[in-house]
Amino acid sequence: MWLKLFFLLLYFLVLFVLARFFEAIVWYETGFFATQLVDPVALSFKKLKTILECRGLGYSGLLEKKDVRELVEKSGDLMEGELYSALKEEEASESVSSTNFSGEMHFYELVEDTKDGIWLVQVIANDRSPLVGKVHWEKMVKKVSRFGIRTGTFNCSSDPRYCRRRGWVRSTLIMSVPQTSTSKGKVMLKEYSGRKIEAEHIFKWITAHAASRIKTIYNSEHLKEEWNKSDQYRVKIYLFANLDQPPAFFSALSVKFTGRVEFIFVNVENWDNKSHMAEIGIYKTPSYILRTPEGIYRYGNNTGEFISLRAMDSFLRSIQPEVNDLFVLSLVLVNLMAWMDLFITQGATIKRFVVLISTLGTYNSLLIISWLPVLGFLQLPYLDSFYEYSLKLFRYSNTTTLASWVRADWMFYSSHPALFLSTYLGHGLLVDYFEKKRRRNNNDEINANNLEWLSSLWDWYTSYLFHPIASFQHFPYESDWDEDPDLFLERLAFPDLWLHPLIPTDYIKSLPMWRFKCLGIHSEEEMLEASQESESDSDSESKDVLSGEKEVSEAERSVSPSEGEPQCNAEICSCANKNCHNEPSERKARSYGSYSTTEDMEPDWSAWPSNMLHCTECVVCLENFENGCLLMGLPCGHVFHQNCIVMWLAGGRHCCPVCRWASYKKKQPYTHHQPLSNDTPS
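Definitions and limits used
Residues numbered from 1 in each chain as written. Predicted model: local features only at pLDDT ≥ 70, side-chain atom pairs only at ≥ 80, totals over all residues. Heavy atoms only, no water. Salt bridge = Lys/Arg side-chain N within 4 Å of Asp/Glu carboxyl O. Helix = DSSP H or I, 4+ residues; strand = E, 2+ residues; numbered from the N terminus. Buried < 20%, exposed > 50% of the residue type's maximum accessible area, 1.4 Å probe, protein only. Arc of directions from axis to C-beta. Contact = heavy atoms within 4.5 Å. Disulfide = S-S within 2.5 Å.

Trainee: Describe in detail the pattern of salt bridges, supporting the description with residues and values.
Mentor: For the structure on display, the rule yields 23 salt bridges. The residue E73 makes a salt bridge to R69 at a minimum N-O spacing of 3.4 Å. Note that E73 and R69 are positioned in helix α3 (residues 65–75) at a spacing of four residues, about one turn of the helix.

What follows is the structure in structure tokens.
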């Protein structure tokens with residue numbers, strides 16, 4: 001996770017540097033930056049109208065270029081970045097979708113239940129033609145969609161009863177606007193009563209109703225009273241301008257940020273005394289002033305702060321975010337980080353996508369689960385101070401120059417999604433290259449074969465599916481149970497008549513191993529003499545033993561763990577009580593084989609693990625333990641030759657040859673008597 005987070009932060013740094021590089025290229029080719037002011041006098045009449053349409057100001061009665069230019073100047077300063085965005089938006093002839101309502105419930109759900117947006121709905125009465133023709137309606141839809149106003153069509157033929165109840169007996173236009181200034185308040189529907197059905201007149205009617213929600217100040221006394229008043233709104237934005245009504249983008253934002261930010265329009269058209277404006281720091285108009293408890297911020301002085309809906313919306317979201325904004329931001333960041341797994345994971349292509357899907361599901365699930373308690377805590381009343389301090393931190397950090405650069409880059413890359421995706425893909429390919437090179441230097445195995453990886457995935461899946469106990473409980477596993485209840489369930493689920501599942505053999509490496517030692521032999525010469533005496537007594541028997549050992553050694557080298565079979569049958573192997581610790585010493589002497597008597601062949605039990613049963617014979621090969629041979633013990637306590645028991649377990653029999661206890665499960669350790677060396681012979 002930390003590696004993916006590092007690569008994601010590195011990618012954001014690359015985007016930041018790349019944006020500054022693009023700005024340098026534009027400056028080199030054109031000689032200006034995006035924040036540089038544009039003189040409206042140098043613009044054509046068409047470009048001036050484009051700027052007015054993007055800001056939401058009507059110009060239907062203005063025929064002279066001088067009047068249009070003055071209206072642009074009264075609405076705010078024009079920057080090169082805003083001009084470029086407006087012209088690009090005008091050239092992009094993308095069709096904007098409009099909703100077709102199917103009935104009353106659909107209309108209520110989208111229009112009347114929406115508390116933070118404006119809707120424009122064309123109602124078509126039964127057996128009547130629409131009020132606005134198709135061409136004018138498409139133009140109207142494109143015009144109002146710039147300001148976040150959604151559109152739709154309601155045909156009364158789909159629900160005539162609802163139209164009669166509403167009184168829609170003729171075709172008309174309906175506009176829905178939030179009635180109150182509180183968040184999630186009531187919605188009122190207004191019907192268009194004008195006679196002219198041109199797009200300009202309808203748009204003027206829409207902006208007039210939207211502007212009526214904004215508090216308007218006409219004199220300095222009212223401004224002084226409002227400026228010093230403290231109410232529920234801790235963030236206010238003022239527009240000081242010489243206009244009849246605020247621009248449409250300003251009115252649309254007032255609806256969108258209902259309950260969070262208060263929008264105030266100060267009409268200075270007929271002011272003679274502007275001394276109070278100078279007292280509060282306003283020396284020129286138009287000006288967009290953000291008033292917060294921390295102070296005053298002049299909007300438009302930093303990078304990307306254009307006089308447009310999109311730029312101011314991004315600015316206000318960073319200053320006064322809501323929980324949904326933070327959730328969407330965290331969702332985007334988490335998914336971008338999860339997609340890094342596609343490039344960090346090495347190996348088969350199918351493996352990459354399987355890991356990616358798993359990571360996406362895991363990260364999104366954890367994100368949603370972690371947000372649930374956060375939403376619950378925010379509802380608690382005694383966390384209001386924490387919420388206020390968090391918003392204060394947002395306001396301090398997002399009014400800096402660095403934050404304005406980040407907002408400008410966000411708007412740039414979001415308007416060019418192809419560039420954003422291509423840079424993300426290029427960054428991912430570089431991560432994949434360096435990760436592959438690093439793993440090759442570390443001699444890590446990279447499986448690039450899809451079929452081979454699918455085969456290993458199937459083996460893993462079947463192992464966990466058919467034998468979950470073996471897969472999740474690795475040896476050693478500490479358990480407080482005297483008897484493991486899973487053993488009974490395992491025997492019921494997997495009887496011997498069924499095919500045994502694939503069980504990982506990694507636990508074999510954790511089994512205890514040690515060498516068998518005798519206390520009676522002190523040198524190799526004495527061992528050689530004892531072996532020669534044994535050979536002279538039973539020559540034929542030793543030949544059989546040596547041949548058996550040779551066969552076992554050859555079988556161990558030639559047979560692989562997946563297909564090898566032990567040399568002895570488990571059904572005929574048994575642990576004789578004569579080999580255990582509590583047997584009489586005379587029988588122990590016979591169990592040592594043909595070496596010597598008990599006085600010079602006493603085993604060194606101190607080298608044995610404390611939880612192992614004391615015996616001197618391997619029940620797999622039915623041979624006695626020789627001095628110096630390598631032994632291995634199972635969790636049940638039984639001891640065998642290391643080669644014998646490894647071949648037994650690798651052959652697929654993951655249980656003790658004696659007691660059938662699972663070889664991968666911990667068992668309650670046995671309690672032993674004192675070592676045999678301290679016992680007195682009977």
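Trainee: Any chance you could break down helix α9 (residues 220–227) for me, citing the residues and the numbers?
Mentor: Turning to α9, its buried residues number three or more, namely S220, L223, E226 and W227. Buried residues of α9, viewed axially, fall in a sector of 125°; they line one side. Residues of α9 that are exposed and point over 90 degrees away from its buried face: E221 and E225. Contact partners of the buried residues in α9: β6 (215–217), β7 (236–241), β8 (262–267), α11 (275–279), β9 (287–292) and β10 (295–299).

Trainee: Can you tell me about the state of the cysteines, naming the residues and giving the values?
Mentor: Taken as a whole and judged by the stated rule, the model has one disulfide. The side chain of C156 participates in a disulfide bridge whose partner is C163; the two sulfur atoms lie 2.2 Å from each other. Between C156 and C163, the disulfide has an S-S torsion of -95° and is therefore left-handed. This pair shows no difference in class: C156 is buried, exactly as C163 is. This cysteine, C621, is not joined by any disulfide, and C644 carries the nearest cysteine sulfur, 3.7 Å off.

Trainee: Break down helix α2 (residues 45–55) for me, with residues and values.
Mentor: Where α2 is concerned, the buried positions are L48, T50, I51, L52, E53, C54 and R55. Just downstream of α2, G56 is the residue with a positive phi angle, here 85°.

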